[in-house]
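# Fold and contact review
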Amino acid sequence: MTASFIPPKRVLMGPGPSDVPQRILDAMARPTIGHLDPAFVDLMEQIKSMLRMAFQTQNALTFPVSAPGSAGMEMCFVNLVEPGDKVIVCRNGVFGGRMLENIKRTGGVPVIVDDAWGKPVDPQKVRDAFKAHPDAKVFAFVHAETSTGAQSDGEVLGRIAQEFGALTIMDCVTSLGGTPVYLDKWGIDAAYSGSQKCLSCTPGLSPVSFSERAIEKIRARTTPVQSWFLDLNLVLGYWQSAGKRTYHHTAPINPMYGLHEALVILEEEGLENAWARHRAMHEKLKAGFEGMGLKYVVEASARLPQLNSIHVPEGVDEAAVRARLLSEFNLEIGAGLGDMAGKIWRIGLMGYSAKQENVDYCLKALKACLPGSA
């Protein structure tokens, strides 16, 4: 007889997921109701309203996709990019590369703006790309590059795209709820995030938001959206009206309870207070790292408070350190991806994980595992 699965209790300080507070887990354990139940429809409306607060937008079409952040990314591209559309895409890490893959698969024509891993997107390169390709219809960039911990200037980049009349897609998977995100102020037309980072919900939902300009583009398409499930023309009937909902799919009811509770918690704390908390905990962690002689990958001006990438000291087996942290301290931190695999650690301070006791515990554990630091 197979026993029930009991997971080990970890301290999650990697690039996601973050620790989930018991309050959210309790919310998810409440009785399941139908996805067209009037009570659930009310919940959907509340989630939409609170997500507008988190995204700092008035966009009516703001909701969670019933799938992880990668599906939110794909929803943006399959709806806004038609075959032959020219798309300027910024690549300064793994997730800019994933944007590029989405463009290729939709039949779009990518114009790539490359920056070094660990650097923010260079606005002048973006402006130069638009000057060379004024017919570009879409501009895409990662606001918070999870693979490196670098944050780009969403306001400046959004303004450049507006000058050239392009729609903007922004990845804010790691920034939403952790650092300032202003969709309306920055002129962002489509954005996607994830439930498991600074919102501290369980993985599996992707908050998205689309401007009226984006919706006009979607409705004016001359080709069908290549994904039935992610076609906003179909999803709109389920999410956009508070009245009679058309059946599209069975939403993940209980995870929606969790996201709702996570957003209630964010409202209670206050968005700006949450941003300040992430910054304060980052400063404390940074002071500890510097005291240990550890060096950051990203320059201070572009550093994400909630995703701290540090170079592995010379001669240290980075995988062995992570394995020891997990086995002896039940502490999870992240490894490098792509070009940075084996070279860096990624330490997350996201959502519920961004607290003093986690900072202290992480520094204590790392000191115990690094030669000459104990």
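Note: the structure precedes this text.
I will try to describe carefully the structure that is included in this document. Quick caveat, the model's predicted, so the values are computed rather than measured.

If you tally the helices and strands in the protein, you get 13 helices and 14 strands. The C-alpha radius of gyration of the protein comes to 21 Å, within 12% of the 21 Å expected for a compact globule of 374 residues. Buried residues in the protein amount to 58% of all 374 residues. Sequence-distant contacts in the protein: of pairs separated by 6 or more residues, those separated by 24 or more amount to 72%. Surface exposure of the protein reaches about 15200 Å², of which carbon and sulfur atoms provide 53%. Side chains of the protein give 38 positive and 40 negative charges; the mean places of these two sets differ by 2 Å.

Moving on to the pattern of salt bridges. Using the criterion set out here, one finds 21 salt bridges in the structure. Among the ionic pairs, D135 bridges to K86, the shortest N-O distance being 3.3 Å. Of the two residues, D135 sits in the loop between α5 (123-132) and β5 (138-142) while K86 sits in strand β3 (residues 86-91), which places them 49 residues apart along the sequence. According to the relative accessible area criterion, D135 is partly exposed, its value standing at 47%. Note that R277 and E269 form a salt bridge whose closest N and O atoms lie 2.7 Å from each other. Look at R277 and you get partly exposed, because its relative accessible area is 24%. For E269, a relative accessible area of 26% gives the class partly exposed. One salt-bridge network, held together by shared partners, links R23, R30, E261 and E268.

Let's shift gears to the sheet that holds strand β14 (residues 344-348). With respect to topology, 3 strands assemble into an open sheet ordered β11-β14-β13, the strand pairing being antiparallel. In this open sheet, the two edge strands, each paired with only one partner strand, are β11 (307-311) and β13 (334-335). In this structure, β11 lies alongside β14, joined through 5 bridges in antiparallel fashion. Looking at β14, one finds that N308 is bridged to I347. Relative to the sheet, helix α12 (residues 318-329) contacts β13 and β14, its axis offset from that of β14 by approximately 30°.

Considering only enclosed or pocket space, the largest pocket measures out at about 520 Å³ in volume. Lining the largest pocket we find 19 residues, and of these K9, R10, D19, V20 and L25 sit closest to its centre. If you list the elements that add at least two residues to the lining of the largest pocket, you get β1 (11-12), α1 (22-28) and α13 (356-369). Considered class by class, the residues forming the lining of the largest pocket number 10 nonpolar, 4 polar and 5 charged.

Bringing the packing of helix α2 (residues 38-55) against helix α10 (residues 253-269) into the picture now. Contact geometry for α2 and α10: axes closest at 10 Å, N-to-C directions at 40°. In terms of their interaxial angle, α2 and α10 are classed as oblique. Note that α2 runs across α10; the crossing there is left-handed. Between α2 and α10, the contacting residues are F40, L43, Q46, I47, M50, L51, M53 and A54 on the first element and I253, M256, Y257, L259, H260, L263, V264, L266 and E267 on the second. Per-class residue counts for the contact of α2 with α10 are 14 nonpolar, 2 polar and 1 charged.

Quick look at the nonpolar core now. I169 and F210 are the most contacted members of the largest nonpolar core, which has 87 residues in total. Apart from the residues within four sequence positions on either side, F210 is in contact with N59, L61, M75, C76, L80, D189, A190, I215 and L232. Judged by nonpolar contacts, the second largest core, of 27 residues, contains V321, I347, L349 and A365.

Okay, empty space enclosed by the protein next. Rolled over the atoms, a probe with the dimensions of a water molecule shows which regions are left empty. Tallying each qualifying case throughout the model produces 1 cavity of 30 Å³ or more. Put simply, the largest cavity is a space of about 50 Å³. Considering the residues around the largest cavity, the lining is formed by F63, P64, V65, S66, M75, F229, L230, V235, W239 and H249. Residue assignment for the lining of the largest cavity shows that the elements contributing at least two residues are β2 (61-65) and α9 (232-239). The element contributing the most residues to the lining of the largest cavity is β2, with 3 residues. When the residues that make up the lining of the largest cavity are grouped by side-chain class, the tally is 8 nonpolar, 2 polar and no charged.

Counted by the stated rule, this structure contains 0 disulfides. Free cysteine: C90, not disulfide-bonded; nearest cysteine sulfur from C172 at 15 Å.

Calculation rules
- Residues numbered from 1 in each chain as written.
- Predicted model: local features only at pLDDT ≥ 70, side-chain atom pairs only at ≥ 80, totals over all residues.
- Heavy atoms only, no water.
- Helix = DSSP H or I, 4+ residues; strand = E, 2+ residues; numbered from the N terminus.
- Rg over C-alpha atoms; globule rule 2.2 N^0.38 Å.
- Buried < 20%, exposed > 50% of the residue type's maximum accessible area, 1.4 Å probe, protein only.
- Contact = heavy atoms within 4.5 Å.
- Areas by Shrake-Rupley, 256 points an atom, 1.4 Å probe, with all protein chains shown as cover.
- Lys, Arg positive; Asp, Glu negative; His and termini not counted.
- Charge placed at Lys NZ, Arg CZ, Asp CG, Glu CD.
- Salt bridge = Lys/Arg side-chain N within 4 Å of Asp/Glu carboxyl O.
- Pairing = 2+ DSSP bridges.
- Axes fitted to C-alpha atoms, helices over the stretch in contact; angles between N-to-C directions.
- 1 Å grid on protein atoms, 1.4 Å probe; cavity = no way out; pocket = protein on both sides within 12 Å on 5 of 7 lines; lining within 4 Å.
- Points joined across faces, edges and corners; volume = space filled by probe spheres on them.
- Nonpolar A, V, L, I, M, F, W, Y, C, P; charged D, E, K, R; others polar.
- Parallel < 35°, antiparallel > 145°, perpendicular 65-115°, else oblique.
- Left-handed = near helix turned anticlockwise from the far one by under 90°.
- Core = buried A, V, L, I, M, F, W, Y, C linked by side-chain atoms within 4.5 Å.
- Disulfide = S-S within 2.5 Å.

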